[in-house]
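Notes for the structure review
Chain residues, written in single-letter form:
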Amino acid sequence: MGIYEAIKETIKEAMKARDQKTLDFARVVKAELDRKGDGKPLPDEEAVKVLRALKEIALEQGNAFEAEFLDRFLPKEMTEEEIEAWVRENIDFSQFKTPLAAIGVVTKALGPRAPGEKVRRVIERMAR
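The following refers to the structure shown.

Here is what the cut-offs are and how they apply
- Residues numbered from 1 in each chain as written.
- Predicted model: local features only at pLDDT ≥ 70, side-chain atom pairs only at ≥ 80, totals over all residues.
- Heavy atoms only, no water.
- Helix = DSSP H or I, 4+ residues; strand = E, 2+ residues; numbered from the N terminus.
- Buried < 20%, exposed > 50% of the residue type's maximum accessible area, 1.4 Å probe, protein only.
- Contact = heavy atoms within 4.5 Å.
- Core = buried A, V, L, I, M, F, W, Y, C linked by side-chain atoms within 4.5 Å.

**Some words on the side chain of E80**
- Relative to the assigned elements, E80 resides in helix α5 (residues 80-90).
- On the basis of relative accessible area, E80 is assigned to the buried category, the value being 19%.
- If near-sequence neighbours (up to four positions away) are discounted, E80 is found in contact with K118, R121, V122 and R125.

Below you can see the structure in the form of structure tokens.
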């Protein structure tokens, strides 16, 4: 089940449980996903970007409930050590003009579990 479908399911569950706080925020999240997808379900890669942006706002506002809610739908990020191990096994830096040119390949291969900034730090550290 994708993120969009999981949010819709959470709305149904919150309605059945009469959990108004969860219901209200789940509807806000779904509306934002609908807005970004022009009314069509967003692919998970795009939905993750929206959820991360919403989480950042929730953290800035000190809203722990919203941040925890969003965490349920966000994929667990890989640690820098896990990213480094994957890069060592799968990337041949001799294929690139500079090691940093591999960032795009790595982030595309690992998807939302490996944010670009984290990949950049790992590759910069490995290139030293």
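Read on, since the account is not over.
**Thoughts on the nonpolar core**
- Counting residues in hydrophobic clusters, the biggest one holds 21 residues, and the most contacted among them are I7, V29, L33, L51 and F69.
- For this core, the secondary-structure elements that each account for two or more residues are α1 (3-17), α2 (20-36), α3 (44-60) and α4 (64-71).
- The dominant element in this core, judged by the number of residues it contributes, is α1, at six residues.
- Ignoring any residue separated from it by four or fewer positions in sequence, one finds L51 in contact with I3, V29, L70, F73 and L74.
- The next biggest cluster of nonpolar side chains, apart from the first, holds 14 residues, and it includes V106, L110, V119 and M126.

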